[in-house]
Amino acid sequence: MSSIITRKDGDANDQKLARKRAGDGGVVEATKKSRFDVKEKNGGDETPTATAATSSLSSKEIKMMMVNAQREIEERKRALSNLRDKDPLLASVPQIGMPVALATQALAKRPTPEDSEKARKIAELQAQIRAKLTGNLASLIQPSVAAAAAAAAQAQERPKPLILDEEGRTVDKSGRAINIPTVTPTLKANIRAKKREVFQRTTGVGERGGEATSSAQDEAIKYFDDRIAQKPTVRTKRTLRFHEPGKFQQLAERMRMKSQLERLQNEISQIARKTGISSATKLALIAPKQDMPDDVPAMEWWDSVILTQDLETLDEASGKISIRQTAISNLIEHPTQMKPPNEPLKPVYLPVFLTKKERKKLRRQNRREAWKEEQEKIRLGLVAPPEPKLRISNLMRVLGSEAVQDPTKMEQHVREQMAKRQKAHEDANNARKLTSEQKSEKKQRKLREDTSCGVHVSVYRIRDLQDNQSKKFKVETNAKQLQMTGSVALFRDCCVVVVEGGPKQQKKYRRLMLHRIKWEEDIAKGNDGQDVPNSCVLVWEGTSQRRHFGEIKFKIFPMEKMAREFFQKHQVEHYWDLAYSGAVLEASTDQQ
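Everything numeric in this text was worked out from a predicted model, so none of it was measured.

Novice: Looking at this model, I keep getting lost on the side chain of Arg-461. Mind explaining?
Specialist: Within the secondary structure layout, Arg-461 lies in strand 3 (residues 455–462). Judged by its relative accessible area of 10%, Arg-461 falls in the buried class. There is a polar contact of 2.9 Å between the side chain of Arg-461 and the side chain of Glu-586. Excluding its chain neighbours within four sequence positions, the residues that come into contact with Arg-461 are Cys-494, Cys-495, Ser-535, Cys-536, Val-537, Val-539, Ala-579, Gly-582, Ala-583 and Glu-586.

Laid out in structure tokens, this is it:
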């Protein structure tokens, strides 16, 4: 408004100057009219009458007009401020330097629901910004909403991960393929511009070092994504962490009490070994529990057939045990013959082995029969007669004059025949030779044994097998190669090896455990801490109706109870009882 008032004062001065020049009789130039010369009133259009009236106004009238205009402007401002308090849409309109026409339009315009929603969002955003600047953002925005909005904004800012399938295609999280459009120029002008850009990029490298460096930096900036968070190059300083007072004193007290307890336990165990209490206690714990009662029944089942009631019932006449006479006759009862479980279904016959002289005689007879059959076929014309068997030694005797005429040719012919016979012999050998699969199958067949009638079991006890890797490898590998099943239980001072298989397999494995492996080379720790040589003992061998273990594996047990439970789960806890009782007795004899 101040600009409009200033312009009106200027117009009045120009009019006075024009009248003065007209009174002097000079030529008056037409002044250039401005767009501020005419004042709009109630939205009316400019007319020549209004222009003439304005030029003829006096200075007092102009002042009054200016006062009225200022009063009208103040009223419009007051009405607009009242309306702005009621309508949030007008609150966003700036107050300084607002023309009267814009204010009138804002007053005349009625807000729509969309404008109201926009104005409400703008007001909320301004309130959040104002609260952030004053530090009261937590009072305006709920923590959960703010966290969700921050997470959503961060997720939008971060680039989406690139997921590729096995064929190298881009897929989404659900596994569906995504077609990424590639923008390629189709117009010839764009294609030429693209080629020109590529050519300039390739030819511009190496012309100047500064340009190459700048281009490299531009390329680095081009492929740098500022949305991805990176770790700072400077390592953050770590603060000092102090121990609580008395921490190390407690650790020292704990270590002292632990060492004292171990010393007391060692003393007690030594005294128990000297008196024999420890071995007796262990043997008492090892004793298996008897599931079946040992009491003798009052009457056996075979006596119940002929007795009247029981053994206590007596005959009145004779005073002896009462017997049913009808149950006894002159017939003999033969029980049903049952087949032993370990006897095979088919009878097994031992193979007959011939002597060396008999084998030679049999081979000679077979070869003579084959030769007679071949001669008979030649005589009948079924087979062509073979060529004479030539050698260098009988060359002159067989060929005669032909060898004298051209000995070089005959010698070459003889050598070709010898090479042919050698090749036929080698081909026959290769045809009879077994393939690698047949060899492995034959080896497996020789090692495989029939255990349907019974399984041979051997139990070995070793003093120490936990820290000896080479011995463990031999024990496990040989059992697998011989197709034997079993288990190895590792316990301090008593390692038990149980193997199941056929008689031939057990024979080979027994030789391995007792002779081939040198157990005495290793040194083991005894119960009293002294170094004693390692040893392996065959505890028990026998037969079982079925296999109780699968492929041989190593099991480590920290407690004796856990080892016995393992064997009890496979229904062979007596294996462990035999082995562990022997280890306890051996330890007691070593101390004596």
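Novice: How should the side chain of Gln-505 be read in this particular structure?
Specialist: With respect to the element layout, Gln-505 can be found in helix 18 (residues 503–516). Classification of Gln-505 as buried rests on a relative accessible area of 5%. Not counting residues within four places of it along the chain, the set of residues in contact with Gln-505 comprises Leu-447, Arg-448, Glu-449, Leu-482, Gln-483 and Met-484.

Novice: How do you make sense of the confidence of the model for the chain when you look at a structure like this?
Specialist: For the chain, mean pLDDT is 77; residues scoring 70 or higher make up 71% of the total. Here residues 1–10 is modelled with pLDDT under 50, and outside its nearest four sequence neighbours on either side it reaches 10 contacts, counting other chains as well. For the stretch residues 22–55, pLDDT sits under 50, and the model shows 17 contacts to residues farther than four places along the chain or on other chains.

Novice: Before we go on, may I ask you to explain unusual backbone geometry in this structure?
Specialist: For Asp-493, which is not a glycine, the phi torsion comes out positive at approximately 65 degrees. Position of Asp-493 among the secondary structure elements: in the loop between strand 4 (485–491) and strand 5 (494–501). A positive phi angle is found at Gln-571, which is not glycine, with a value near 65 degrees. Take Gln-571: it is sitting in the loop between helix 19 (560–569) and helix 20 (573–591).

Novice: Explain a nonpolar patch on the surface here, please?
Specialist: Taken together, the side chains of Leu-311, Leu-314, Ile-321, Ile-323 and Ile-328 define a hydrophobic patch exposed on the protein surface, amounting to about 410 Å² of accessible area. Positionally, Leu-311 belongs in the loop between helix 11 (277–286) and helix 12 (356–380).

Novice: I tried to follow the packing of aromatic side chains on my own but got confused; where do I start?
Specialist: For any pair of aromatic rings, the description rests on two quantities: the centre-to-centre distance and the angle between the ring planes. By the definition in use, this model includes 11 aromatic pairs. Judged by centre distance (5.4 Å) and plane angle (80 degrees), the rings of Trp-301 and Trp-302 are edge-to-face. Relative accessible area serves as the criterion here: at 47%, Trp-302 is assigned to the partly exposed category. Following the ring pairs from residue to residue traces out a cluster consisting of Phe-491, Phe-549, Phe-557, Phe-566, Phe-567, Trp-576 and Tyr-580. The ring of Phe-554 is capped by Lys-472, whose NZ or CZ atom sits 5.3 Å from the centre of that ring.

About the cut-offs
- Residues numbered from 1 in each chain as written.
- Predicted model: local features only at pLDDT ≥ 70, side-chain atom pairs only at ≥ 80, totals over all residues.
- Heavy atoms only, no water.
- Helix = DSSP H or I, 4+ residues; strand = E, 2+ residues; numbered from the N terminus.
- Buried < 20%, exposed > 50% of the residue type's maximum accessible area, 1.4 Å probe, protein only.
- Polar contact = N/O pair within 3.5 Å; in protein donor to acceptor, adjacent residues only side chain to side chain.
- Contact = heavy atoms within 4.5 Å.
- pLDDT = per-residue confidence, 0-100.
- Patch = residues over 30% accessible without salt bridge, like charges linked within 9 Å, V, L, I, M, F, W, Y side chains within 5 Å.
- Areas by Shrake-Rupley, 256 points an atom, 1.4 Å probe, with all protein chains shown as cover.
- Salt bridge = Lys/Arg side-chain N within 4 Å of Asp/Glu carboxyl O.
- Phe/Tyr/Trp six-rings, centres within 6.5 Å; stacked < 30°, edge-to-face > 60°.
- Lys NZ or Arg CZ within 6 Å of the ring centre and 35° of its normal.

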